[in-house]
Amino acid sequence: MFPRDEQKPGQSARLISLGEVVDSKIVENETLGYFIGRVYIFLTRLGIDKNRLRFRQHLAKEMTHYAADCWDAEIETSCGWIECVGIADRSAYDLKAYSGKSRLEAHEQLSEPRDME
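Everything numeric here is computed off the predicted structure, so don't read it as measured data. (Residues numbered from 1 in each chain as written. Predicted model: local features only at pLDDT ≥ 70, side-chain atom pairs only at ≥ 80, totals over all residues. Heavy atoms only, no water.)

J.: Could you give me a rundown of the layout of surface pockets, with the residues and numbers involved?
T.: Of the pockets and cavities examined, the largest pocket occupies roughly 440 Å³. Surrounding the largest pocket, 16 residues form its lining, M1, L15, Y40, K50 and L53 being those nearest its centre. Class assignment of the residues belonging to the lining of the largest pocket gives a composition of 10 nonpolar, 3 polar and 3 charged. (1 Å grid on protein atoms, 1.4 Å probe; cavity = no way out; pocket = protein on both sides within 12 Å on 5 of 7 lines; lining within 4 Å. Points joined across faces, edges and corners; volume = space filled by probe spheres on them. Nonpolar A, V, L, I, M, F, W, Y, C, P; charged D, E, K, R; others polar.)

Set out below in structure tokens:
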């Protein structure tokens, strides 16, 4: 993993568990962590060497307007580190954008929470 706070000259990615980066809030939430894990499994099963694979968090200046957090799966090649997959937490951006353009609303205010099976 290569969190944005560690991307300074001379620094490199470090081996850290996905659970640790989620628990410490380096990765914003468990759902984003889940998809980072799925991408890791997919790429290594394709044959990508895990020692040449890293997940780099976007720097603040690289973040898109719609993302709450964003990570790239990067593979080290003879040309350097190349992005091969981008994983973005778009939060509720799409829903807010669509509902802002639409007159439709789909919600129900409940007096108390319901447990669903």
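J.: Explain the pattern of salt bridges to me, and be specific about the residues and the numbers.
T.: For the coordinates displayed, the defined rule picks out 7 salt bridges. Beyond isolated ion pairs, a larger network of salt bridges with shared partners links R54, R56, E62, D72 and E74. (Salt bridge = Lys/Arg side-chain N within 4 Å of Asp/Glu carboxyl O.)

J.: Residue-level account of the sheet that holds strand β2 (residues 69-77), with values.
T.: Strand order across the open sheet formed by 3 strands is β1-β2-β3, with antiparallel pairing between neighbours. Each edge of the sheet is formed by a strand with only one pairing partner; in this case those strands are β1 (53-57) and β3 (80-89). Shown here is a sheet whose adjacent strand axes are inclined to one another by a mean of 30°, direction ignored. With 9 bridges joining them, β2 and β3 adopt antiparallel strand pairing. Paired with E76 across the two strands is W81, which belongs to β3. Where helix α2 (residues 30-46) meets the sheet, it contacts β1, β2 and β3, and its direction lies at approximately 140° from that of β3. (Pairing = 2+ DSSP bridges. Helix = DSSP H or I, 4+ residues; strand = E, 2+ residues; numbered from the N terminus. Axes fitted to C-alpha atoms, helices over the stretch in contact; angles between N-to-C directions. Contact = heavy atoms within 4.5 Å.)

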